[in-house]
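Now for the letters of each chain:
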Amino acid sequence: MIAGCSRSFPLTARRLTACLCLLLAGLCGAAGAQEEVEPPLPKFEDLQVPEYEALLSGRPVDWFVLTTEQKVLFVEPVQPRPGTLTDLATKYEASFKWPKPRNKDEQREQTEKRALLQRLRISLWDAPGESEYLIETRVIERIIYFEDLILQRVQLLLDQNDTLRAYELLTLIDRRQRGWPESDKAIQRFHYVEAGVQLTNDRPEDALRSLEALLAMNPQYEGMSERAGEAVNILVQRAVDASDFRGARHYLARLARFRPEHSVYLRWKQELLSRTQSEMQIASMLARDDPRAAAHRIDAAARIWPDTPGLRELHRSLLEAAQFLKVGVLTFAGDSPAYPFPTRADLRSRSLTELRLFEPGRIDESGVRYRSGICEEWEPTDLGRELRLNVAARRALWESRPGISALEIQQTLQRRLDPASPDFDERIAALVTGVEARSPWEVVISFRTPPLRPESLLALPLLAPPGDSDLAADLTPGARRALGRGNASLAARFQLERRDDDDQSLLRVREPNGKSKQRYLTDLDEHRYESWERSLQALLRGDADILPYARLADAKLLQSDGRFFTVPAAIPETHLLQINPESAALKNGPLRRALLAAIPREQLLRDVVLKDADPAWGRLTTAPFPISSFAYNRVLAQPVYDPLLAASLLLTARKELGLETVRLRLAHPGDDDIRRLCDELILAWKRVGIEVELVDPRGKPGEPPWDLAFRTLQLADPAAELWPLVTGAERTEIASLAPLPDRLRQSLLGLEQAGDWTTATNLIQQLQVDMLAEARWIPLWEVEQFWIARRRLGGVPSPLLNPYHNAEKWIVQSWFPQETP
């Protein structure tokens, strides 16, 4: 046996024997007896750290630096690691405390075990698996582990700012053995160097993130806060240039974690403080002549540096004098000219900019209850053939509308009765025989036959009084100018004052009454965001006070957030596919039924509409009005999803139409959530062979024509609103019934002539059966809607009939933006 080296089993590799024997020859005195058959082992001083590629994709190797001339032996990774030699030495020292042997056999066994603790089992790296050796630890000066070699290469890469490859090697160490000694220091240096690289590449926010990771590991790392100041200085400058002062404060707050009195932090704090003080002075000067401008100015100043002395008190006083709200929306009215029906944005705008003679006041299980902001009382006479309206001569202090007299009501109805007028309405002309203004505050309307509900017939937008009329004397100057130019023919509570690419302002048309101690909302500022996520972010940040519509999954989370309150809509929103009566292809019954049978309504409702939301907030439906409505036919069964039936019906339709491929066009309002649903519907139809393309809602209206339209509806009064829904026309015109079959035409005409609720209800329910059986419409589901607002509003009714329900009575409390950005 060679001194200093022993075999665990007979040698099988001649080269291994020679290497080990040559290695140990100087220690065991046998150098002259060995014949040199292989090149000598390399010396440590002649070796270089392995390259990146060899470390990342090559076989792991440990370096044994030997006591003989610092020669290096390459071996397979040894165990335990790290501290292999220390571990053996500790166990060797502990062996002397073993129990005293009882006999010679135990003594010999302990001696052999103790000897093994001075030897290390190895496999040579260039001949793995051929043999194992026991090498005595006294001939090993130190072990350079594979992980140590990686760390050395990492340091060399960081010297060259090659952070990408350094990171990959650090990840390799973490995968092999997390918490390797000295790896944390290498990671710290990596973050520091990475921050410098990102600054050089003009990516200061990435640099700041790297430095924050370094801060968490070592708050005292040399040069870290200076580099963080460099990154934050760039970020704050960019934020200030973009007027994003919240972003500027956000970055300064992050810098303060490195060093509270950092020079960059102090300099920018003084700069933002000075800007805020300047804005405060301007707002104070504006307060007397233009309270609204002053309120907007001080609110913007509060977002620059909220901790400015005296700002809170000035902010409160100016916002109480001129109350405004910021509304986060996704679309404006008129954004979808190619969509043939009113969008959510259109209806939202109309609730403010159209003053109606009657409007829904509340909804209960018996139906809609109407109210009038114009009439003090109304009373049917002559067995319902006349309706006497007593117009309110005075307005409440909170009312924003212009004064309305009997003359404006009479002119509004006369335009509806005049066939030469663009406002001519056949439904009203068929029922109303005359309108008489008996005094400035009394109107009598005469009917041919008593209408089922005169309030629904008279839910009309009213004409405004002339700009020089006494009734317009207390309107805002802008509203009077618009009336004088004839630009505002309709009476309104709020008027569109300004609109640009992404912002518009709606102002009260009547000046707030100075006699009233209570102040009310003066204007609404709508900002259009590119996505729901951005609008939600604005709400959380305080950049928006209201979201008129909320994604259901997020509404569920916001309900538990104490900063906001959610108000449900009085009427669920029904999703419906409208069939164009003029579509040549969809006059074919089998094709319409194929469209219905191909839609997995339950799956789409569960997985797309109600995803992550309360399942109780959505239900399948068979009608375009709420399931809770008195007119809903609860006996009617839900359509079944049957793709095989849909494919069979499609074959029949293709034969009848003489088409190889059926191609249809689907109109949609342009909302992102509706667009996603349309994409899912198109995929479902494509699976059965129906090709459907989307109509661009922002294109030119009417060209080319649409076949289907995705509609979102909130029908308050089915008896009054079904005709325009079924025909797809805006008004109840006899000509719009022409494309419908006789049975449907007779049902709609019968509904118009119904004189009692029982007859009307039966006709509506029968119409629901006929429309669904022939797939003249495709009801999908109804979902709850929620209105979200920051807790700074009073006077908001619950539930809401529209997003701006009673907006003229809302009371806005001052809210100071103190939340940490």
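As a reminder, the structure under discussion sits directly above these lines.
Keep in mind that what you see is a predicted model, and the values were worked out from it rather than measured.

This brings us to the nonpolar core. If you look at the biggest cluster of nonpolar residues, it comprises 51 residues, and the most contacted ones within it are Leu577, Leu664, Trp685, Ile690 and Ile788. Apart from residues no more than four positions distant in its own chain, Ile788 is found in contact with Leu539, Asp545, Ile546, Leu547, Ala550, Ala555, Leu558, Phe564, Phe565 and Thr566. Judged by nonpolar contacts, the second largest core, of 40 residues, contains Leu55, Val75, Ile140 and Leu157.

Here we come to helix H10 (residues 245-256). Spanning twelve residues, H10 covers 16 Å between terminal C-alpha atoms, matching the ideal 16 Å at 1.5 Å per step. Among the twelve residues that make up H10, nine are buried, leaving the element largely enclosed by the rest of the structure. Those residues of H10 that fall on the buried side of the exposure criterion are Phe245, Arg246, Gly247, Ala248, Arg249, Tyr251, Leu252, Arg254 and Leu255. Elements that come into contact with the buried residues of H10 comprise helix H8 (204-217), helix H9 (224-241), helix H11 (263-286) and helix H19 (532-541).

Let us look at the packing of aromatic side chains. Evaluation of the coordinates by the stated rule reveals 15 aromatic pairs. The positively charged end of Arg142 is found above the aromatic ring belonging to Phe44, 4.6 Å away from the centroid. The ring of Tyr549 carries the charged tip of Arg344 above its face, separated from the ring centre by 5.3 Å.

Moving on to the sheet that holds strand E12 (residues 432-439). The strand order across the open sheet built from four strands is E10-E11-E13-E12, with neighbouring strands paired in antiparallel fashion. Looking at the sheet topology across the chains shown, the edges are occupied by strand E10 (375-381) and E12. Taking the axes of each pair of neighbouring strands and ignoring which way they run, one obtains an average angle of 15 degrees across the sheet. Both E12 and strand E13 (residues 442-447) contribute to a ladder of six bridges, which runs antiparallel. Of the residues in E13, the one forming a bridge with Val432 is Phe447. Against the sheet, helix H15 (residues 406-417) contacts strand E11 (386-391), E12 and E13, and its axis sits at roughly 165 degrees relative to E12.

Reading guide: rules and limits
Residues numbered from 1 in each chain as written. Predicted model: local features only at pLDDT ≥ 70, side-chain atom pairs only at ≥ 80, totals over all residues. Heavy atoms only, no water. Core = buried A, V, L, I, M, F, W, Y, C linked by side-chain atoms within 4.5 Å. Buried < 20%, exposed > 50% of the residue type's maximum accessible area, 1.4 Å probe, protein only. Contact = heavy atoms within 4.5 Å. Helix = DSSP H or I, 4+ residues; strand = E, 2+ residues; numbered from the N terminus. Expected span 1.5 Å × (residues − 1). Phe/Tyr/Trp six-rings, centres within 6.5 Å; stacked < 30°, edge-to-face > 60°. Lys NZ or Arg CZ within 6 Å of the ring centre and 35° of its normal. Pairing = 2+ DSSP bridges. Axes fitted to C-alpha atoms, helices over the stretch in contact; angles between N-to-C directions.

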